[in-house]
Amino acid sequence: MLQSRFLRIPLSPTTLYPPKPTTLLPLLSLARKPRSRMSSYATSSESPKLLFRQLFEKESCTYTYLLADVSHPEKPALLVDPVDKTVDRDLSLIKDLGLKLIYAINTHVHADHVTGTGLIKTKSPGVKSIISKASNAKADLFVEAGDKICFGDLFLEVRATPGHTLGCVTYVTGDGPNQARPRMAFTGDALLIRGCGRTDFQDGSSEQLYKSVHSQARTRKSA
């Protein structure tokens, strides 16, 4: 398996920005729903570069997120936390929007549903799967805290947010003058809408989860 500290499909150069001191961020936390049958809500980005779609799978009450750099000639895209039952829907949407899917990424190993990553790879062989190294799961690429996942001229920053499981990470949209606003945090099950993920299995820890949410999901640390 390939391990990379900086993940990039060879499309075009991206300018890197120097680290900033610790500050509070007005992050839009895109958390998963608690188990209910409430309808999904819509969220959009103010950036003309970032295409963003929030997708919902009702049986597992899971959100999948589609992001793409539509200002780039190849319109590279990625899916966050795809679900097997909605893979065909997601791939159809990507085709309709004229995007090129390059990554299918997971915030953690999902115990309550089957991820759609493997199924996506069978239908779109060029797509690379990504998950945290600490998850001990199978993937094409593994990430750790501080890594960047690039798609076109945009990127996601990886933050370690263990607690729900040992391998949970949060993906945060990049910081810089050419990155999307408002910044968004894809927290998986670490942070839910009006709640958080369970901590009684997969090496979970309520104390660790509390620290993760308050130190990583809402602040930016110096690199």
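First, a word on what this report is: a plain description of the structure on this page. Given the structure is predicted, the values throughout are model-derived calculations rather than measurements. (Residues numbered from 1 in each chain as written. Predicted model: local features only at pLDDT ≥ 70, side-chain atom pairs only at ≥ 80, totals over all residues. Heavy atoms only, no water.)

1. Considerations on the side chain of S132
Phase 1 of the analysis: Position of S132 relative to the elements: it lies in strand β9 (residues 128-132).
Phase 2 of the analysis: On the basis of relative accessible area, S132 is assigned to the buried category, the value being 2%.
Phase 3 of the analysis: A polar atom in the side chain of S132 sits 2.5 Å from the backbone oxygen of G167.
Phase 4 of the analysis: Setting aside residues up to four positions removed in sequence, S132 forms contacts with F142, V143, G167 and V169. (Helix = DSSP H or I, 4+ residues; strand = E, 2+ residues; numbered from the N terminus. Buried < 20%, exposed > 50% of the residue type's maximum accessible area, 1.4 Å probe, protein only. Polar contact = N/O pair within 3.5 Å; in protein donor to acceptor, adjacent residues only side chain to side chain. Contact = heavy atoms within 4.5 Å.)

2. Section: the environment of E157
Phase 1 of the analysis: Note on placement: E157 falls in strand β12 (residues 154-160).
Phase 2 of the analysis: For E157, a relative accessible area of 13% translates into the label buried.
Phase 3 of the analysis: Each C-alpha atom of the pair E157 and A145 lies 8.0 Å from the other, and the pair is 12 residues apart in sequence.
Phase 4 of the analysis: Here the side chain of E157 touches R183 through a polar contact of 3.3 Å, side chain to side chain.

3. Notes on the packing of aromatic side chains
Phase 1 of the analysis: In the structure shown here, the tally under the stated rule is five aromatic pairs.
Phase 2 of the analysis: Centroid distance F52 to F186: 6.2 Å. Interplanar angle 50 degrees. Geometry classified as tilted. Of this pair, F52 sits in strand β5 (residues 50-57) while F186 sits in strand β14 (residues 184-186), placing them 134 residues apart in sequence. Across this residue pair, the class does not change: F52 and F186 are buried.
Phase 3 of the analysis: A centroid spacing of 6.1 Å and a plane angle of 40 degrees characterise the contact between Y63 and Y65, whose relative ring orientation is tilted. Of the two residues, Y63 and Y65, neither departs from the other in class, the shared state being buried.
Phase 4 of the analysis: Members of the aromatic cluster, each reached through a chain of ring pairs, are F52, F56, Y63, Y65 and F186. (Phe/Tyr/Trp six-rings, centres within 6.5 Å; stacked < 30°, edge-to-face > 60°.)

4. Here we look at unusual backbone geometry
Phase 1 of the analysis: Cis geometry marks the peptide bond from R181 to P182, where omega comes out at -5 degrees.
Phase 2 of the analysis: Here P182 is to be found in the loop between β13 (169-173) and β14.
Phase 3 of the analysis: At C61, a residue that is not glycine, the phi angle is positive and equals roughly 55 degrees.
Phase 4 of the analysis: By secondary structure assignment, the location of C61 is in the loop between β5 and β6 (62-69).
Phase 5 of the analysis: Assessed through its relative accessible area of 0%, C61 is described here as buried.
Phase 6 of the analysis: One non-glycine residue, D81, lies in the positive phi region at around 55 degrees.
Phase 7 of the analysis: With respect to the secondary-structure elements, D81 resides in the loop between β7 (76-80) and α1 (87-96).

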